[in-house]
Amino acid sequence: MKKNVIHNTLALSIFMLMTATAAFAQEKKGQEPPSATELLKQMDKDEDGRLSKEEIKGPLKNDFSKIDTNEDGYLSLDELKKAPKPQRRKKQ
């Protein structure tokens with residue numbers, strides 16, 4: 001009888017751990033990077049419909065010259081849409 005209780009408790013604990021892990025993984029998986037339109041809306045401080053290097057941050061700022069294909073010093077919605085997607089870092 002004691003073995004059954006221990007066995008059932010262990011099985012239930014493993015099941016709960018697997019369920020919580022799967023839910024966490026699904027939550028992380030569902031996080032998509034913002035769209036070009038969302039980026040523009042979030043970062044366009046002067047609301048001119050384009051992003052200057054001073055308005056942006058993060059990986060976008062590091063790749064500014066690559067994304068600014070017409071070399072006008074601004075990122076347009078079209079340039080943002082055509083920008084390469086950032087590579088996610090692999091967990092070690």
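What this report covers is the structure whose coordinates are included nearby. Computed from a predicted model, the values in this text were never measured in an experiment.

## Focus: the overall build of the chain
A count of helical and extended segments in the chain gives five helices and two strands. Taken from N to C terminus, the helices and strands of the chain fall in the order α-α-β-α-α-β-α. In the chain, which comprises 92 residues, the share counted as buried stands at 18%. Long-range pairs, those at least 24 residues apart, make up 26% of the contacts in the chain with a sequence separation of at least 6. If you sum the accessible surface of the chain, you get close to 8300 Å²; carbon and sulfur atoms cover 57% of it.

## Some details on the side chain of Asp-68
The residue Asp-68 is located in the loop between helix H4 (64-67) and strand S2 (74-75) in this model. Although Asp-68 lies buried, it forms no salt bridge, and the closest oppositely charged side chain, Arg-50, sits 8.8 Å away as judged by the N-O distance. Reaching out from Asp-68, the side chain makes a polar contact with the backbone nitrogen of Asp-72 at a distance of 3.3 Å. With residues near it in sequence (within four places) discarded, Asp-68 still touches Gly-73, Tyr-74, Leu-75 and Glu-79.

## Things to note about the pattern of salt bridges
Across all of its chains, the model carries three salt bridges by this definition. Of the charged contacts, one joins Arg-50 and Asp-48 as a salt bridge, the two residues approaching to 3.2 Å between their closest N and O atoms. The partner of Asp-63 in a salt bridge is Lys-66, with the nearest N and O atoms 3.7 Å apart.

Procedures and definitions
- Residues numbered from 1 in each chain as written.
- Predicted model: local features only at pLDDT ≥ 70, side-chain atom pairs only at ≥ 80, totals over all residues.
- Heavy atoms only, no water.
- Helix = DSSP H or I, 4+ residues; strand = E, 2+ residues; numbered from the N terminus.
- Buried < 20%, exposed > 50% of the residue type's maximum accessible area, 1.4 Å probe, protein only.
- Contact = heavy atoms within 4.5 Å.
- Areas by Shrake-Rupley, 256 points an atom, 1.4 Å probe, with all protein chains shown as cover.
- Lys, Arg positive; Asp, Glu negative; His and termini not counted.
- Salt bridge = Lys/Arg side-chain N within 4 Å of Asp/Glu carboxyl O.
- Polar contact = N/O pair within 3.5 Å; in protein donor to acceptor, adjacent residues only side chain to side chain.

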